[in-house]
Amino acid sequence: MSKKLKFAKPTTEQLNVFYEEKMGSTEPENKEYSCEKPNPFRPVAEYEEMGGVVFSYIGTKEPEDKHKQLPPGGERTFGVPNELIVLTQQNDTEKPVHTFIFCDDEKQLEPINASLQKTADEMKAVFNPDHVHLIPWDTDTYWTRDFSPWWLYNKTTGEYGIAKHIYTSLGGGTVGLVEGSENAAAAGGTGIFRGNDDYGAVKLADFLNAPIRQWNNARWHGQPNKELIPENKWFFTGMLHVGGNYMCTTDGRIASSYLAATQNELPSDKYCDGNITKDSIGRRMEYIMEQSNRFLGAQRYYALVDPTGTYIGHIDCWGKFLSDNILLLAETSDAAINEGLSEIEKFLKGCFANDAAGSTLTVKRVKCPDIYVPDGGAECATTAPYTNSLILNGCVYVPIADEKYEEENQAALKAYEEAYSGKYKIYGIRGKKGTPWLGTDALHCRTNAIPRTVVDNWLKSQGLDSNTPKVPIIRTKQADRT
């Protein structure tokens, strides 16, 4: 149940060949779309202040063939190592970072806490089980980045909001496959719909007393006559999208690969007949820009040609914004891929410079070597996914490969340190046995975060103190770079 494919030259089943087949000899070009309509909201970037991290605790056994839409059963597991979850609780902030877990079984809370406590003891870390909260919902997969909500901030009122997208996977696996979509063409963007994952954003909102429905009459703990807690405004974008293919800044810029266009057909498109052209791709991107402005407050949308040609088409496999004016891009051993990445660097630098404010974009590069990881007794070709990291307040958690790639690992961690000028604490996190990091699926894919104010409001509604002192920060030989 892993997303797997190496950084490699495109094959006949991959996205850029799909473009070539459907559009003739012309691929889409890196292009900027804009919409200047005023909007009090803006998207919340990953590097803003966060108060919680979201994980999924799923079963590992696929359901029966005739019920593929059900969540997996059997022994449960996280898609990330316990060490990462413990480390996020040690986050270097004035308030603690809480742990939110999709799991519709209250009886799992005790063994989860016991397992995390055991790991914390081995790390000589302080673990607080009171900061662990189960969201009563079982998701199909542990890719919480893909289906969790996107956060908004109202610059006028200070309120937070959520823009929910329709989640669809492009993976070729069968876990959580919705009946009827078994033969979905991944390269064509039709994807696989996983209903339990898609509904996860709604269940998270309900849990946080951020109602998407008016009948959710959340009241302050112990004060039934007090007004509703500050509501988080909910918006439904109407777009098919995935969180791994979504990067934003605090000044209203969004970037993704053209996967967003192949996913979102327009009513006038005859997609099922294969009638997709460069012009129709452009119309789809104009629609995506308008929706992103309307529901996310975005004013710039950068549609990028995926330089890797992998089936997944997610931007977090090869690039991410580290701040409003710092971009991290991968480098590989493949000259063709590097050329595509260099074109993206040149294009985005030009977009920033041509803005009215004449912004400057600094681009940092990180080398991602080809590696092989065990998968079902065999070795799976993949790539060290150093760009697929989690930024959490003043820390960055970077997925690293095993010890034989220690030189590359250290170079990657150093690249992050230099990008942040030593102001962030950088941790290297190894994948765990059974769910290793892959070039198309790593740490960023399997986590998401919740803004600090949203968590604080929820804690108040539960009669809990959001000012509980943070637990002491620990350092481990594996993780520490500072």
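You'll find the structure just up there.
Numbers given to residues run from 1 along each chain, matching the order in which its sequence is written. Totals for whole chains, interfaces and linings use all residues, but because this is a predicted model, local features are given only for residues with pLDDT of at least 70 and pairs of side-chain atoms are given and counted only at 80 or more. Side-chain descriptors were evaluated using all non-hydrogen atoms of the structure, hydrogens and water having been removed beforehand.

Here we look at the overall build of the protein chain
Okay, so step 1: The helix and strand inventory of the protein chain stands at 11 helices and 21 strands.
Okay, so step 2: Partly exposed residues are those whose accessible area sits between 20% and 50% of the maximum for their type, while under 20% is buried and over 50% is exposed, using a 1.4 Å probe and protein chains only. For the protein chain, buried positions account for 59% of its 482 residues.
Okay, so step 3: Should any heavy atoms of two residues lie within 4.5 Å, those residues are considered in contact. Residue pairs at least 24 apart in sequence account for 75% of intrachain contacts in the protein chain once pairs closer than 6 positions are excluded.
Okay, so step 4: To measure how exposed things are, a 1.4 Å probe is used in the Shrake-Rupley method; for residues, cover is taken only from the protein chains shown. Element-wise, carbon and sulfur atoms account for 49% of the exposed surface of the protein chain, whose accessible area totals about 19600 Å². Secondary structure elements follow DSSP: runs of H or I no shorter than four residues count as helices, runs of E no shorter than two count as strands, and numbering proceeds from the N terminus.

As for the side chain of Ser256
Okay, so step 1: Summarising the element assignment, Ser256 is placed in strand E11 (residues 253-257).
Okay, so step 2: Engagement of the side chain of Ser256 in a polar contact is seen with the side chain of Tyr301, the distance being 2.7 Å. Residues adjacent in sequence count toward polar contacts only when both atoms are side-chain atoms; beyond that, a polar contact is any pair of N or O atoms within 3.5 Å, and within protein one must be able to donate a hydrogen and the other to accept it.

Side note on the sheet that holds E11
Strands in a sheet are paired, the pairing made by backbone hydrogen bonds, and the direction either parallel or antiparallel.
Okay, so step 1: Sheet architecture is open: four strands sit in the order E1-E12-E11-E10, paired in mixed fashion. Both outer strands of the open sheet, strand E1 (31-34) and strand E10 (247-248), are each paired with one neighbouring strand and no more.
Okay, so step 2: Set on the sheet, helix H8 (residues 278-296) makes contact with E1, E11 and strand E12 (300-304); between it and E12 the angle comes to about 145 degrees.
Okay, so step 3: A fitted line through C-alpha atoms represents every axis, and for helices the fit uses only the stretch in contact; the resulting angles, taken between N-to-C directions, go from 0 to 180 degrees. Where helix H9 (residues 335-354) meets the sheet, it contacts E1, E11 and E12, and its direction lies at approximately 165 degrees from that of E12. In this scheme, strands are said to pair when DSSP sees at least two bridges between them.

Some details on the packing of aromatic side chains
Okay, so step 1: Two rings from Phe, Tyr or Trp (for Trp, the six-membered ring) form a pair when their centres are within 6.5 Å of each other. A pair whose planes differ by under 30 degrees is stacked, one over 60 is edge-to-face, and the rest are tilted. In total, this model carries 17 aromatic pairs according to the counting rule given.
Okay, so step 2: Members of the aromatic cluster, each reached through a chain of ring pairs, are Phe41, Phe235 and Phe295.
Okay, so step 3: Ring-over charges, as used throughout, are those where CZ of Arg or NZ of Lys falls within 6 Å of the ring centre and within 35 degrees of the ring normal. Over the aromatic face of Phe352 sits the side chain of Arg253, whose NZ or CZ is 3.8 Å from the ring centroid.

A word on the nonpolar core
Okay, so step 1: With 65 residues, the main nonpolar core has Leu304 and Trp318 as its most contacted residues.
Okay, so step 2: For this core, the leading source of residues is H9, giving seven residues.
Okay, so step 3: Residues within four places of Leu304 in sequence aside, it is in contact with Asn30, Ala255, Ser256, Ser257, Tyr258, Ile315, Trp318, Ile344, Phe347 and Leu348. Here, nonpolar core means buried Ala, Val, Leu, Ile, Met, Phe, Trp, Tyr and Cys residues that are tied together by side-chain atoms lying within 4.5 Å of each other.

Details of helix H3 (residues 109-123)
Okay, so step 1: Every helix has an expected span of 1.5 Å times one less than the residues it contains. Helix length check: H3 (15 residues) gives 21 Å between terminal C-alpha atoms against 21 Å at 1.5 Å per residue, within 8%.
Okay, so step 2: By the burial criterion, the buried members of H3 are Ile112, Asn113, Leu116, Thr119, Ala120 and Met123. Around the axis of H3, the buried residues are gathered within 125 degrees of arc, so they sit on the same side. Facing away from the buried side of H3, by more than 90 degrees, are the exposed residues Glu110, Lys118 and Glu122.
Okay, so step 3: Where H3 terminates, the next one or two residues include Lys124, which has phi positive at roughly 60 degrees. This arc corresponds to the set of directions leading from the helix axis out to the C-beta atoms.

Some details on the pattern of salt bridges
Okay, so step 1: We count a salt bridge whenever a side-chain nitrogen from Lys or Arg sits within 4 Å of a carboxyl oxygen from Asp or Glu. Applying the stated criterion across every chain yields a total of 16 salt bridges.
Okay, so step 2: Here Arg76 and Asp138 are joined by a salt bridge, their closest N and O atoms 3.1 Å apart. Of this pair, Arg76 sits in strand E4 (residues 73-78) while Asp138 is found in the loop between strand E6 (132-135) and helix H4 (144-147), placing the two residues 62 residues apart along the sequence.
Okay, so step 3: Residue class for Arg76 comes out buried when judged on its relative accessible area of 18%.
Okay, so step 4: Here Arg365 and Glu345 are joined by a salt bridge, their closest N and O atoms 2.9 Å apart. Here Arg365, found in strand E15 (residues 362-367), pairs with Glu345, found in helix H9; they are 20 residues apart in sequence, far enough to count as distant.
Okay, so step 5: Of the residues examined, Glu345 reaches a relative accessible area of 16% and is grouped as buried.

Quick notes on the pairing of E12
Okay, so step 1: Counting buried residues along E12, five of its five residues qualify, which places the element largely inside the surrounding structure.
Okay, so step 2: Burial of E12 is two-sided: the residues Arg300, Tyr302 and Leu304 facing one way and the residues Tyr301 and Ala303 facing the other way are all buried.
Okay, so step 3: The pairing of E1 with E12 spans four bridges and is classified as antiparallel. Note that in E12 the partner of Lys31 across the bridge is Ala303.
Okay, so step 4: Examined bridge by bridge, E11 and E12 share five bridges and lie parallel to one another. Each bridged residue has a counterpart across the sheet, and for Ser256 the counterpart in E12 is Ala303.

Section: the environment of Ala330
Okay, so step 1: Mapped onto the secondary structure, Ala330 falls in strand E14 (residues 326-331).
Okay, so step 2: Overall, Ala330 belongs to the buried group, its relative accessible area being 0%.
Okay, so step 3: Along the backbone, Ala330 and Pro369 are 39 residues apart, and their C-alpha atoms lie at a distance of 9.8 Å.
Okay, so step 4: Once residues within four sequence positions are removed from consideration, Ala330 is found in contact with Trp318, Leu341, Arg365, Val366, Cys368 and Thr387.

Considering unusual backbone geometry
Okay, so step 1: Look at Lys124: it is not a glycine, yet its phi comes out positive at around 60 degrees.
Okay, so step 2: Looking at the element boundaries, Lys124 is found in the loop between H3 and E6.
Okay, so step 3: Judged by relative accessible area, which is 73%, Lys124 ranks as exposed.
Okay, so step 4: Backbone geometry places Ser421, a non-glycine residue, at a positive phi of 55 degrees.

What about the side chain of Asp355?
Okay, so step 1: With respect to the element layout, Asp355 can be found in the loop between H9 and E15.
Okay, so step 2: For Asp355, a relative accessible area of 13% gives the class buried.
Okay, so step 3: Polar side-chain contacts of Asp355 include one of 2.6 Å to the side chain of Arg253.
Okay, so step 4: Filtering out sequence-adjacent residues up to four positions away, Asp355 remains in contact with Glu32, Arg253 and Arg300.

With respect to the sheet that holds strand E2 (residues 41-43)
Okay, so step 1: With mixed pairing, the four strands of this open sheet are ordered in space as E2-E7-E8-E9. Each edge of the open sheet carries a strand with a single partner, namely E2 and strand E9 (233-241). Strand after strand, the sheet turns through a mean of 30 degrees between neighbouring axes, direction not considered.
Okay, so step 2: Bridge count for E2 against strand E7 (residues 150-154) is three bridges, and the pairing is antiparallel. Directly across from Arg42, in E7, lies its bridge partner Tyr153.

Interpretation in functional terms is not warranted from these geometric data alone.
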